[in-house]
Amino acid sequence: RAAQPAAQALAASGAAAHAPLAGSRLLGFDVGESAFFVLPPPPSADVGGDGTGGGAAQMASGESCVDVRAAREGGSGELVPGAAQASAAAAAAQVALQRSAGDAGAVVRQLETLQRVFEAASEGCDAHQPLCLECLELLCEELGTQAEDADAAAEGYEAALARLRADAAIAGAATAADSESAAEAELAELERQALDAEADADAAGRELLEARQHEKRVQEREEEYWGEFHAFQLELRAHEEERDATLASLQWAQAQLASLRGANVLNDAFHIWHRGRFGTISGFRLGRLSGAGVEWDEINAAWGQAVLCLHTMAGAVGLNFTSATLLPMGSYPKMADNKRNRYELFGPVGSVFNSNFNSAQSLFLSCLAEFAEHATARSPDFQLPYAIEGDKVGGTPIRLAPMRDERWTQALKYTLTNLKICQLWLIERQAAGSRDGDT
């Protein structure tokens with residue numbers, strides 16, 4: 001096809017320049033994508049009177065076509081002419097040109113142009129150019145058969161396409177119907193869900209309202225609770241302060257009680273001790289020595305404390321003396337016997353005329369001995385350190401005699417020692433009774 005304009009131009013120029021080529025024809029066919037150019041042999045009269053030129057060209061062309069037919073009958077399916085085809089065509093053209101009377105250079109140029117046209121045509125198809133009429137007919141028949149087959153296939157494809165389009169339309173309609181049904185069902189479901197959501201929203205709104213009301217009530221109760229709580233805290237703090245004050249008072253009272261229990265009134269009021277060879281009670285010495293004179297006022301005060309101490313101890317244990325009666329009168333104590341005779345237990349008295357004073361001292365010893373007997377009856381292990389026998393204590397007479405001040409002072413010290421032992425017994429008894437009472 002690409003070489004067709006060149007071939008037409010070559011044919012036009014050949015016809016004008018060379019008379020022998022005026023009777024020949026240049027045929028061009030366009031089948032499919034291949035271009036075929038056919039040059040039929042010229043008549044014998046044009047080539048020569050003897051017909052040799054035409055016969056040679058016809059022979060060359062016949063051989064070429066035979067080769068083509070043989071190649072097609074062999075089953076290759078391609079038009080492949082023999083090797084002598086191109087040379088035969090060229091020889092025929094050369095003979096025709098030689099018989100013509102013209103310029104040799106123009107003939108050569110025409111031959112070269114034809115050669116290039118044939119080569120260009122052969123490059124665009126499977127068959128080599130040129131072709132004979134018989135090969136062209138076979139080619140046309142084959143192409144017609146292929147065209148019919150292609151038309152039949154195209155009709156089949158069109159029918160199949162029509163069926164596919166119909167099936168697609170039916171399927172599309174069914175799909176559309178199904179989609180519409182599904183959409184309607186989904187819409188109904190969504191409407192139902194929307195109704196349910198609205199019902200849930202209403203219920204949630206009611207619950208929210210109830211929750212807010214409940215929250216308000218709870219807040220009110222909480223405020224009331226905190227008010228009561230703070231009031232209770234204040235009251236509790238007041239009670240705790242009162243309790244702490246009470247406990248502090250109780251602890252102080254207990255401490256005072258323990259201190260009072262540890263300190264006995266008898267021991268504090270009548271403290272019996274000694275100072276050298278003198279016995280003392282409440283700090284007053286009882287007795288006289290030649291080297292250390294003691295005033296009678298001090299002796300009288302000491303006897304007054306001794307009588308009062310024994311009288312107090314007897315009252316604490318509920319003892320009533322049977323041998324004598326104690327008459328505490330400060331620094332002027334007296335003693336009375338069973339006949340109610342009173343004897344003065346204070347001085348000053350002389351060394352010779354002192355019977356009244358000595359009788360009072362003897363009655364005091366008898367009362368002290370009676371208290372010791374009472375203590376021994378309550379506590380069998382109780383015993384006086386100095387035994388009392390009549391007017392003697394620890395074997396020493398308590399009577400005041402001339403030139404016997406040291407003996408009298410010794411007897412008085414023994415007497416105060418016995419009184420101290422009786423005092424300690426009573427103190428321990430009272431402490432034991434207090435512990436028993438507490439338990």
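Residues numbered from 1 in each chain as written. Predicted model: local features only at pLDDT ≥ 70, side-chain atom pairs only at ≥ 80, totals over all residues. Heavy atoms only, no water.

Asks: If you had to explain the sheet that holds strand E7 (residues 334-336) to someone new, which residues and values would you point to?
Replies: Taken together, the 3 strands give an open sheet; going across it, the order is E6-E7-E8, and neighbouring strands pair in antiparallel fashion. In this open sheet, the two strands that pair with only one neighbour each are strand E6 (325-327) and strand E8 (342-344). Averaged over all pairs of adjacent strands, the angle between strand axes in this sheet comes to 25°, irrespective of strand direction. Sheet topology places E6 next to E7; 3 bridges connect them, and they run antiparallel. Residue pairing in the sheet places Thr325 in a bridge with Ala336 of E7. (Pairing = 2+ DSSP bridges. Helix = DSSP H or I, 4+ residues; strand = E, 2+ residues; numbered from the N terminus. Axes fitted to C-alpha atoms, helices over the stretch in contact; angles between N-to-C directions.)

Asks: I'd like a rundown of the packing of aromatic side chains, residues and numbers included.
Replies: Under the counting rule described, the total for this entry stands at 11 aromatic pairs. Judged by centre distance (6.3 Å) and plane angle (65°), the ring pair of Phe357 and Trp408 falls under edge-to-face. Separated by 51 residues along the polypeptide, Phe357 in helix H9 (residues 355-378) and Trp408 in helix H10 (residues 405-438) bring together distant segments of the chain. With relative accessibility at 0%, the residue Trp408 sits in the buried group. Among the aromatic residues, ring-to-ring pairing joins Tyr225, Trp226 and Phe229 into one connected group. Arg285 extends its terminal NZ or CZ atom over the ring of Phe278, reaching a point 5.5 Å from the ring centre. (Phe/Tyr/Trp six-rings, centres within 6.5 Å; stacked < 30°, edge-to-face > 60°. Buried < 20%, exposed > 50% of the residue type's maximum accessible area, 1.4 Å probe, protein only. Lys NZ or Arg CZ within 6 Å of the ring centre and 35° of its normal.)

Asks: Account for unusual backbone geometry, naming residues and giving values.
Replies: Here the residue pair Gly347 and Pro348 is connected by a cis peptide bond, since its omega of 10° sits within 30 degrees of zero. Within the secondary structure layout, Pro348 lies in the loop between E8 and H9. Of note, the phi angle at Ser282 is positive, near 60°, even though the residue is not glycine. Relative to the helices and strands, Ser282 is located in the loop between strand E4 (278-281) and strand E5 (284-286). Ser282 sits in the partly exposed class, given a relative accessible area of 28%.

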